[in-house]
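Remarks on the overall topology
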Amino acid sequence: MPDKKEFEKYRRHKRRRQNIIRATIHLFVWMGAAVLYYMGFSIFFDTPTEYLLRHSTDALRDEYAVLSQRYDSLEVVLGNLEARDRSVFHTLFESEPYEYGAETGSHRGTTYEELVSHTTPQLRRSLRQRTLEMEARLESLNGTYRTLQSLIDSIGPGRNSIPAIQPVINKQLALLTASYGMRIHPFYKTLQSHQGVDYTVPEGSRVFATADGVVRDVLSRNSTSGRTVTIDHGNGFETSYSHLSQIDVRKGQRVSRGDIIARSGDTGLSLAPHLHYEVRYNGMRIDPIHYFFMELSPSEYQRLMRIAQSGMQSFD
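Because the structure is predicted, anything quoted here is derived from the model rather than measured.

1. Focus on the overall build of the chain
For the chain, the count of helices and strands is six helices and twelve strands. For the chain, the proportion of its 316 residues judged to be buried stands at 31%. Accessible area for the chain stands at about 20000 Å²; split by element, carbon and sulfur atoms hold 56% of it.

2. Thoughts on helix α6 (residues 298–309)
The first and last C-alpha atoms of α6 sit 17 Å apart over twelve residues, in line with the 16 Å expected at 1.5 Å per residue. Inspection of α6 places Leu304, Met305 and Ala308 among the buried residues, and these make up the whole buried set. For α6, the angular spread of the buried residues around the axis is 100°, confining them to a single face. On its buried face, α6 sits against β1 (176–178) and β2 (181–184).

3. Section: the packing of aromatic side chains
One pass over the structure, following the stated rule, counts four aromatic pairs. An aromatic cluster is built from Phe237, Tyr281 and Tyr291, whose rings are joined through pairwise contacts.

4. As for the pairing of strand β3 (residues 191–194)
Judged from the four bridges that link them, β2 and β3 form a sheet pairing that is antiparallel. Across the sheet, Gly181 pairs through a bridge with His194, a residue of β3. Hairpin remark: β2 followed by β3, antiparallel, with six residues in the connecting loop; positive phi at Lys189, about 55°.

5. Comments concerning the pattern of salt bridges
For the coordinates displayed, the defined rule picks out four salt bridges. With a shortest N-O distance of 2.8 Å, Arg285 and Glu278 are connected by a salt bridge. One connected set of salt bridges, linked through shared partners, spans Arg216, Glu238, Glu278, Arg280 and Arg285.

6. Let's talk about the nonpolar core
Judged by nonpolar contacts, the single largest core of 29 residues is most densely connected at Leu176, Tyr199, Val229, Tyr241, Ile261, Ile289 and Phe292. For this core, the secondary structure elements donating two or more residues are β4 (197–199), β7 (227–234), β8 (237–247), β10 (260–264), β11 (275–281) and α6. Those residues in contact with Tyr199 that lie beyond four places of it in its chain are Gln166, Pro167, Val168, Asn170, Leu175, Leu176, His274, Leu275 and Phe292. Counting seven residues, the second-largest nonpolar core is a separate cluster that includes Tyr71, Leu78, Leu127 and Met134.

7. Considerations on the environment of Ser223
Along the chain, the position of Ser223 falls in the loop between β6 (213–219) and β7. With residues up to four places along the chain from it excluded, the contact list for Ser223 reads Gly268 and Leu269.

8. Remarks on the side chain of Thr210
In this fold, Thr210 is placed in the loop between β5 (206–208) and β6. Of the residues examined, Thr210 reaches a relative accessible area of 0% and is grouped as buried.

9. As for a nonpolar patch on the surface
Taken together, the side chains of Val35, Leu36, Tyr38 and Met39 define a hydrophobic patch exposed on the protein surface, amounting to about 450 Å² of accessible area. Tracing the backbone shows Met39 in helix α1 (residues 2–44). By relative accessible area, which is 46% here, Met39 ends up partly exposed.

10. Some thoughts on the environment of Arg303
Within the secondary structure, Arg303 is located in helix α6. For Arg303 and Ala174, which are 129 residues apart along the polypeptide, the C-alpha to C-alpha distance reads 9.9 Å. For Arg303, the contacting residues outside a window of four places in its chain are Gln172 and Leu173.

11. A word on a positive patch on the surface
Together, Lys9, Arg12, Arg15 and Arg16 line one region of the surface with positive charge. In this fold, Arg12 is placed in helix α1. Residue classification places Arg12 among the partly exposed residues on the basis of a relative accessible area of 45%.

12. What about the pairing of β7?
The pairing of β6 with β7 spans five bridges and is classified as antiparallel. Looking at β7, one finds that Asp217 is bridged to Thr230. Strand direction decides the pairing type here: β7 and β8, joined by six bridges, are antiparallel. Residue pairing across strands places Gly234 opposite Phe237, the latter belonging to β8. Connecting the antiparallel pair β7 and β8 is a turn made up of two residues, with Asn235 showing a positive phi of about 55°.

13. Description of unusual backbone geometry
In this model, Asn235 sits at a positive phi of 55°, which is unusual for a non-glycine residue. Inspection of the secondary structure assignment puts Asn235 in the loop between β7 and β8. For Asn282, which is not a glycine, the phi torsion comes out positive at approximately 55°. Position of Asn282 among the secondary structure elements: in the loop between β11 and β12 (284–286).

14. Comments concerning the confidence of the model for the chain
Mean pLDDT over the chain stands at 78; residues scoring 70 or higher make up 76%. Confidence, expressed as mean pLDDT per element, reaches its minimum in the chain at helix α3 (residues 100–104) with 46 and its maximum at β5 with 97. The low-confidence segment residues 91–95 (pLDDT under 50) makes 15 contacts with residues lying over four places distant or belonging to another chain. Scored below 50 in pLDDT, residues 100–106 shows three contacts in the model against residues more than four places distant or in partner chains.

Rules used throughout
Residues numbered from 1 in each chain as written. Predicted model: local features only at pLDDT ≥ 70, side-chain atom pairs only at ≥ 80, totals over all residues. Heavy atoms only, no water. Helix = DSSP H or I, 4+ residues; strand = E, 2+ residues; numbered from the N terminus. Buried < 20%, exposed > 50% of the residue type's maximum accessible area, 1.4 Å probe, protein only. Areas by Shrake-Rupley, 256 points an atom, 1.4 Å probe, with all protein chains shown as cover. Expected span 1.5 Å × (residues − 1). Arc of directions from axis to C-beta. Contact = heavy atoms within 4.5 Å. Phe/Tyr/Trp six-rings, centres within 6.5 Å; stacked < 30°, edge-to-face > 60°. Pairing = 2+ DSSP bridges. Salt bridge = Lys/Arg side-chain N within 4 Å of Asp/Glu carboxyl O. Core = buried A, V, L, I, M, F, W, Y, C linked by side-chain atoms within 4.5 Å. Patch = residues over 30% accessible without salt bridge, like charges linked within 9 Å, V, L, I, M, F, W, Y side chains within 5 Å. Lys, Arg positive; Asp, Glu negative; His and termini not counted. Charge placed at Lys NZ, Arg CZ, Asp CG, Glu CD. pLDDT = per-residue confidence, 0-100.

Written out as structure tokens, the structure is:
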């Protein structure tokens, strides 16, 4: 009897163990099937989160493509505007315009490094901002060109009568030593108004007419300004060239921009050989440096201003 009970107990224990093993195997099978199902579903189907992310990326890509195409078209328009800019400079000023690319070329490497570190949304916002800025710039440029065109139409051939070059060869921008404004007089040693610019050039250097015009006056007798030539350019403009050693034009003679009209000297009340040059508009003396736009780029103009303002003493 005890053997039978022991046998039944053993059978129940064995059956329980088999059930546990069977349940464990079923659990692992179902877990493997679930993993395989999830993997297969992930391969062939997107989860809701993945679906939203994928389609948001598609929307960003489409918007980026549209903005890129818009940016490219704006670049084409800007290129056309730059071509018009060159044409305006050639027509109005007979010179090359300022190269904007030279100003930003040194920053391109830094800009590229910054762009590489940006995320896609940041790039999208940056591109949109740049596009809006370029559109505003183009609109401003169009307004500027319309204004320039009206000025060109109103001036016509009179643009050749605007003093627009330096009266001496000054390619290195080192010859202008005293500018327009309050300067120390070389003899009286007091602060006085200097209403022109002084070029320290060797005696006998060529002096050029800075615009088309007619010689209004030739002063060859002794005076504080020495030998002087005054040219009437019309449209209210006059220029004068003082302390000359030799005058090569006569009163009433018509001259063109770039013609040699005299040689520099040391006549009159002069500290050393130099040329004193003045520009007058409607009888008022104005700063001649603002009228060198035909041969100076903006950076050269700024450099010349710094050089001229560094000297506080005039030569006459």
